[in-house]
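An overview of the molecular structure
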Amino acid sequence: MTAFVLVPGMFTGGHVWQETAAHLTAAGAEVHPVTPTGLDGAGGTPGADLETHIADVVAAIDAAGAAQGRRVVLVGHDYGIHPAVGAADRRAGHVARIVYLDAAMPRDGVSALASVTDEALRAQVTGRARAEGGDGALAPPAGRAQWQRWGSTAGVDDTELDRLTALAAPHPLGTLLQPLRLTGAVAAVPTTGVLCTGNGVSIELVQRLVDFGDPALQILAAPEVTFFELATGHWPMLSRPAELAEVLLRAAAGQGHRLIPAGRGEPPAHLRPFPLEVPEVPVDRRGHVDLHLPTDAEGPLPAVLFVHGGPVPAGARPTPREWPGQVGYARSAAARGVVGVTFDHRLHDTADYARAADDVAAAVEVVRSDPRVDADRVALWFFSGGGLLSADWLGAPPAWLRCVAASYPVLAPMPNWGMADSRFRPAVAVGGAGALPVVLVRAGRESPEIAATVEDFLAAAEGRGTDVEVVDVPGGRHGFESADAPDEWREPFHHALDRVVTHLTA
């Protein structure tokens, strides 16, 4: 018999698992939902820290494994993965598998607070801890809308959100601030990640991150690591309890998708050759900026800067300015008589958008100061996660910016990016675009989560009277240049590039 120990996230107790537990029990499993100390709604628990919650989970593991032959599967949701991993480290011989349910990857010596992506929330916690000596508690969300700050509520109906709010308890600050301490024993325990796509993460995205070659992420491609996706938000035990139970049973059986280690099989998407014929052109490297120069045209010439997507791990090699797709775009621009520019920016994490925005601005100044470039005729073209960086330029476009373009862009932060109060919201910024032309290349087979941000942007642009020309790639996927056959996207690719060049040369 399999015994599941279910560890909830912040502000919640064992009650959130009620329906999922019922489905697991009906399937013949034993279920032990955990309500960590201080989260039972009875009031604060002075001195409660991460070790307190680890002890709660250890006790549940001991109870679940009391009967001989019982396999313990430990499930940690959100914050709950931190005490879950800590407990598994202390009971590694009794845990058959750890399931990371829409959760971060805890690290030895690092607190749970580090996995909170919202900078304002982190500052709030540290400020409260400083004022109250670490014995205070973080107030739970006070209503439906506030839960969105902690993750997507997609799929959770209003009745469930109201119940979640009513049963929520203040979360002890010490549990977020105390570093996790591991002996290393937990490394031997097999793991499964259950990714909630409505919260902004997918198996494809994780595979892409592994493909970048970051050594810290290669463990995700180990044979004992599996993955599942659920098409819902951050609380699948409320929005998809039956589906979650089925996934947990399959995870316990060792099933799931396995990632391909970096460097094995065919080249990763970002390193596949650009499939269209583009001419070789001279390249002038200036720091982190590469200028791909037309061979026959006389300057000064218009320029288009191609802003790569991300996040891209800091150690990824080659860097984005040398990726075949970026170079293919730049050479195609140079073939049309304008300077094509590739460059690197430091979007290594979702917390890096402000730093990456500074890098884009610096690259623009490098290009505009070059005597071969017409400083009054420049365009910016954004890709994928780099789409958020367009907000600065849409909101207050300078006179020399003749066009903004974007291919399969992310045009609003994903729910799990912790950017609730961010300035990087193109749908808001587009209100200041005025007469600035915008060319948007839309992938017809885009993920629903990203596609929704594009539609919201288009609706906002229409409402503000901004001229957005949409170039559709009906059969194209995100990153279609490396994901799809050229016949799917060759014509719209050329059309979009021609439109940008027209705006630069008009």
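What counts, and where the lines are drawn
Residues numbered from 1 in each chain as written. Predicted model: local features only at pLDDT ≥ 70, side-chain atom pairs only at ≥ 80, totals over all residues. Heavy atoms only, no water. Helix = DSSP H or I, 4+ residues; strand = E, 2+ residues; numbered from the N terminus. Rg over C-alpha atoms; globule rule 2.2 N^0.38 Å. Buried < 20%, exposed > 50% of the residue type's maximum accessible area, 1.4 Å probe, protein only. Contact = heavy atoms within 4.5 Å. Lys, Arg positive; Asp, Glu negative; His and termini not counted. Charge placed at Lys NZ, Arg CZ, Asp CG, Glu CD. Phe/Tyr/Trp six-rings, centres within 6.5 Å; stacked < 30°, edge-to-face > 60°. 1 Å grid on protein atoms, 1.4 Å probe; cavity = no way out; pocket = protein on both sides within 12 Å on 5 of 7 lines; lining within 4 Å. Points joined across faces, edges and corners; volume = space filled by probe spheres on them. Nonpolar A, V, L, I, M, F, W, Y, C, P; charged D, E, K, R; others polar. Pairing = 2+ DSSP bridges. Axes fitted to C-alpha atoms, helices over the stretch in contact; angles between N-to-C directions. Expected span 1.5 Å × (residues − 1).

Moving on, we come to the overall build of the protein chain. Of regular secondary structure, the protein chain possesses 17 helices and 16 strands. Against the globule reference of 23 Å for 506 residues, the protein chain gives a C-alpha radius of gyration of 25 Å, in line with a compact fold. Scored against the burial criterion, the 506 residues of the protein chain give a buried share of 53%. When contacts within the protein chain are restricted to residue pairs at least 6 apart in sequence, long-range pairs at least 24 apart make up 79% of them. The averaged location of the 59 negative side-chain charges in the protein chain is 3 Å from the averaged location of its 39 positive side-chain charges.

Any pair of aromatic rings gets described here by the distance separating the centres and the angle formed by the planes. Within this structure, the stated rule accounts for 21 aromatic pairs. An angle of 85 degrees between the planes, with centres 5.7 Å apart, marks the rings of Trp 489 and Phe 493 as edge-to-face. Taken together, the residues Trp 489 and Phe 493, both in helix H17 (residues 486-505) and four residues apart, mark about one turn of the helix. Here Trp 489 falls in the buried class, since its relative accessible area comes to 0%.

The omega angle of the peptide bond from Gly 310 to Pro 311 is 5 degrees, so this bond is cis rather than trans. The topology assignment puts Pro 311 in the loop between strand S11 (301-307) and helix H11 (324-335). Pro 318 follows Arg 317 through a cis peptide bond whose omega is -5 degrees. Positionally, Pro 318 belongs in the loop between S11 and H11. A positive phi angle, near 55 degrees, is found at Asp 78, a position not held by glycine. In this fold, Asp 78 is placed in the loop between strand S3 (71-77) and helix H3 (81-90). For Asp 102, which is not glycine, the phi dihedral falls at a positive 45 degrees.

Before going further, it helps to spend a moment on the layout of surface pockets. Within this model, the second largest pocket holds a volume of roughly 320 Å³. Lining the second largest pocket are 21 residues, with His 288, Asp 344, His 345, Arg 346 and Asp 359 sitting closest to its centre. Tallying contributions element by element places helix H12 (residues 353-368) first for the lining of the second largest pocket, with four residues. Considered class by class, the residues forming the lining of the second largest pocket number ten nonpolar, six polar and five charged.

On to the sheet that holds strand S7 (residues 191-196). Note on sheets: strands pair through backbone hydrogen bonds, and any given pair is parallel or antiparallel. Taken in spatial order, the six strands of this open sheet run S2-S1-S3-S4-S7-S8, and their pairing is parallel. If you trace the sheet from one side to the other, it starts and ends with strand S2 (30-33) and strand S8 (225-230), each paired once. Across the sheet, the mean angle from the axis of one strand to that of its neighbour is 20 degrees, orientation sign disregarded. In this sheet, S8 lies alongside S7 in parallel orientation, the contact comprising six bridges. When the bridges of S8 are listed, Leu 195 appears paired with Glu 229. Those strands touched by helix H2 (residues 50-64) are strand S1 (2-7), S2, S3 and strand S4 (95-101), and its axis lies near 165 degrees from that of S1. The strands that helix H8 (residues 203-211) touches are S7 and S8; relative to S8, the one it contacts most, it runs at about 140 degrees.

On to H17, then. With 20 residues, H17 should cover 28 Å at 1.5 Å per step; its first-to-last C-alpha distance of 27 Å lies within 8% of that length. Looking only at H17, the buried set comprises Trp 489, Pro 492, Phe 493, Ala 496, Leu 497, Val 500, Val 501, His 503 and Leu 504.

Structural measurements only, silent on function.
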